[in-house]
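Chains, contacts and geometry: an overview
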Amino acid sequence: MGNSTDSVSLHVLMVADPGLPTRRARAVRERFETDLTKLLQRTVRVSFHTEMIRIDPDNVLEYRDARAIAEEYEHVDVILLLTEIPRHSEGKPLMAEIFPDQQLAVLSCPTFGAWMTKRRLLRVMVDAVLRVAPGVTVPTPKRYTLRWSQWSQRDVSYALHAHTFTGAPRTVAGMTMANDPWRTVPKLSHALAAASATGAFGIFYHSIWQMSDALTTSRLLLIGVTAMTAMGAWLILSNGLWDRPKQESLSRVVLYYNLSTVLTLALCMLALYAVLVVLILGGALIVIDPGFMSDILGEEAHFSNYLDIAWLSAAMGTVAGALGSGFDSEPDLRRITHGQRERQRQWSRDDQNGVGRDREMSTNDGHASS
């Protein structure tokens, strides 16, 4: 990194992990550049780069990759590193950490939550740059501070921790969003096909019609929830998605990992079940004649009867057809949860020794994995 040129008074490089951090960084980049320009009253240029930042065998976040990327750009004054790793220290989620001597700031995107994240992220990004940029003496305006968090000084850095009570739920929600549950549903197409094939039998069997008509709404809902829970548990256990801490100090972070995995698969199962109900309902409306259903049930058939049949058949299909099914491919499995993705980014000790890794700027408070 070097000094700015005359044409660009301040050059900020944003290095973001693939996925959610990249999408959020791109969403706020233009506003970020504009706000800094107005605050500093000089030209600010923001460059952007997507790169997965590695961690070492001790689960410590390394900044070597980001520094190497900065060398590819001319006169970078500040590096902003946006990671999807849920960092944690002092018993609270670590939202951001800045190293003034190195003009480096690290922001953990999951700790900003699942809602209003762009606004929070923009505030902390601006605040971090004003604190680490060389030659900048402009104080951070109040509108760029978070009311429920404040910076605290450490040995060689400053840390911004999340609020004691809201930090953990916000982090789990942010991790769940980073898992992209809506993008995970298509990766379960094999499971959906198996469940659809089995659930379709409910359209042709009179006993399913009669059973769905006899069951109360609460019982039908309970059956559906049980089916979704069973499939979610199967996917977690059969694919090894449940993480266990290797160190006691990581137990809180691993709890976040597991909660976000459960919530991610719960949303996936809910979406999958809804698709299954719609498919079976459509088939039932086409195949089953209302008069014939009325004869079987001994009463006039209504749309609610078709919906009950679809709901019960979907539960039957989920349990009988989808258990034993899994993700469509191994890469899909490796990308579904934070734990799986973090194992992808971990350097081996041979890799570390082979490239002579620079640990000058690593921090032991960046733990994020079991």
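Residues numbered from 1 in each chain as written. Predicted model: local features only at pLDDT ≥ 70, side-chain atom pairs only at ≥ 80, totals over all residues. Heavy atoms only, no water.

Before going further, it helps to examine the overall build of the protein. Looking only at helices and strands, the protein features 15 helices and 8 strands. Taking all 370 residues of the protein together, 51% fall into the buried category. Sequence-distant contacts in the protein: of pairs separated by 6 or more residues, those separated by 24 or more amount to 78%. Carbon and sulfur atoms form 54% of the exposed surface of the protein, whose accessible area is close to 17,100 Å². (Helix = DSSP H or I, 4+ residues; strand = E, 2+ residues; numbered from the N terminus. Buried < 20%, exposed > 50% of the residue type's maximum accessible area, 1.4 Å probe, protein only. Contact = heavy atoms within 4.5 Å. Areas by Shrake-Rupley, 256 points an atom, 1.4 Å probe, with all protein chains shown as cover.)

All right, on to unusual backbone geometry then. Unlike most non-glycine residues, Gln 41 shows phi in positive territory, near 55 degrees. Examined against the element boundaries, Gln 41 turns out to sit in the loop between α1 (20–40) and β2 (44–50). With phi around 50 degrees, Gln 103 is a residue other than glycine that occupies positive phi space. Within the secondary structure layout, Gln 103 lies in the loop between β5 (92–99) and β6 (104–108).

What follows deals with the packing of helix α6 (residues 189–199) against helix α10 (residues 251–287). Between α6 and α10, the shortest axis-to-axis distance is 10 Å and the interhelical angle comes to 40 degrees. Compared by their axis directions, α6 and α10 come out oblique. Once α6 is placed against α10, the crossing between them reads as right-handed. Contacts from Leu 192, Ala 195, Ser 196 and Gly 199 of α6 reach α10 at Leu 272, Val 275, Leu 276, Leu 279 and Ile 280. Partitioned by chemical class, the residues of the contact of α6 with α10 number 7 nonpolar, 2 polar and no charged. (Axes fitted to C-alpha atoms, helices over the stretch in contact; angles between N-to-C directions. Parallel < 35°, antiparallel > 145°, perpendicular 65-115°, else oblique. Left-handed = near helix turned anticlockwise from the far one by under 90°. Nonpolar A, V, L, I, M, F, W, Y, C, P; charged D, E, K, R; others polar.)

This part covers the packing of aromatic side chains. The description of an aromatic ring pair uses the distance of the two centres, along with the angle that the planes make with each other. For the structure on display, the rule yields 3 aromatic pairs. Ring geometry for Trp 209 and Phe 292: centres 5.8 Å apart, planes at 85 degrees, overall edge-to-face. Residue Trp 209 is found in helix α8 (residues 206–214), and its partner Phe 292 is found in helix α11 (residues 290–297); the two are separated by 83 residues along the sequence. Owing to a relative accessible area of 3%, Trp 209 belongs among the buried residues under this scheme. Judged by its relative accessible area of 38%, Phe 292 falls in the partly exposed class. Centre to centre, the rings of Tyr 273 and Trp 311 are 4.8 Å apart; their planes meet at 70 degrees, and the pair counts as edge-to-face. Of the two residues, Tyr 273 is situated in helix α10 and Trp 311 in helix α12 (residues 303–322); the sequence distance between them amounts to 38 residues. Residue class for Tyr 273 comes out buried when judged on its relative accessible area of 3%. (Phe/Tyr/Trp six-rings, centres within 6.5 Å; stacked < 30°, edge-to-face > 60°.)

If you trace the backbone, His 11 turns up in strand β1 (residues 10–16). Note on His 11: relative accessible area 1%, which makes it buried. A polar atom in the side chain of His 11 sits 2.6 Å from the side chain of Ser 47. (Polar contact = N/O pair within 3.5 Å; in protein donor to acceptor, adjacent residues only side chain to side chain.)

A word on the pairing of β5. By the criterion of burial, β5 is predominantly enclosed, with 7 of the 8 residues buried. Note that strand β4 (residues 88–89) and β5 share 2 bridges and pair antiparallel. Bridge pairing links His 88 to Pro 93 in β5. From the end of β4 to the start of β5, which pair antiparallel, there are 2 residues, and Glu 90 there has a positive phi angle of about 55 degrees. Across 4 bridges, β5 lies against strand β8 (residues 158–161) in antiparallel orientation. Among the inter-strand pairings, Glu 97 is bridged to a residue of β8, identified as Ala 159. Of the strand pairs in this sheet, β5 and β6 are connected by 4 bridges, and their pairing is antiparallel. (Pairing = 2+ DSSP bridges.)

Our next topic: the environment of Gly 199. Residue position: Gly 199 is located in helix α6. For Gly 199, a relative accessible area of 0% gives the class buried. Along the chain, Gly 199 and Trp 311 lie 112 residues apart, while their C-alpha atoms are 9.4 Å from each other. Setting aside its immediate chain neighbours within four residues, Gly 199 contacts Ile 280, Ser 313, Met 316 and Gly 317.

Among all positions of α8, only Ile 208, Trp 209 and Ser 212 are buried. One side of α8 carries all its buried residues, which in axial view fall inside an arc of 105 degrees. (Arc of directions from axis to C-beta.)

For the rest of this paragraph, the subject is empty space enclosed by the protein. Considering all chains together, one arrives at 2 cavities of 30 Å³ or more under this definition. By volume, the largest cavity is sized at about 50 Å³. Ala 191, Leu 192, Ala 195, Met 228, Met 231, Met 269, Leu 272, Tyr 273, Leu 276 and Thr 318 are the residues that line the largest cavity. Put simply, the parts of the chain that give the lining of the largest cavity at least two residues each are α6, α9 (217–238) and α10. The element best represented in the lining of the largest cavity is α10, accounting for 4 residues. In terms of residue class, the lining of the largest cavity is built from 9 nonpolar, 1 polar and no charged. (1 Å grid on protein atoms, 1.4 Å probe; cavity = no way out; pocket = protein on both sides within 12 Å on 5 of 7 lines; lining within 4 Å. Points joined across faces, edges and corners; volume = space filled by probe spheres on them.)

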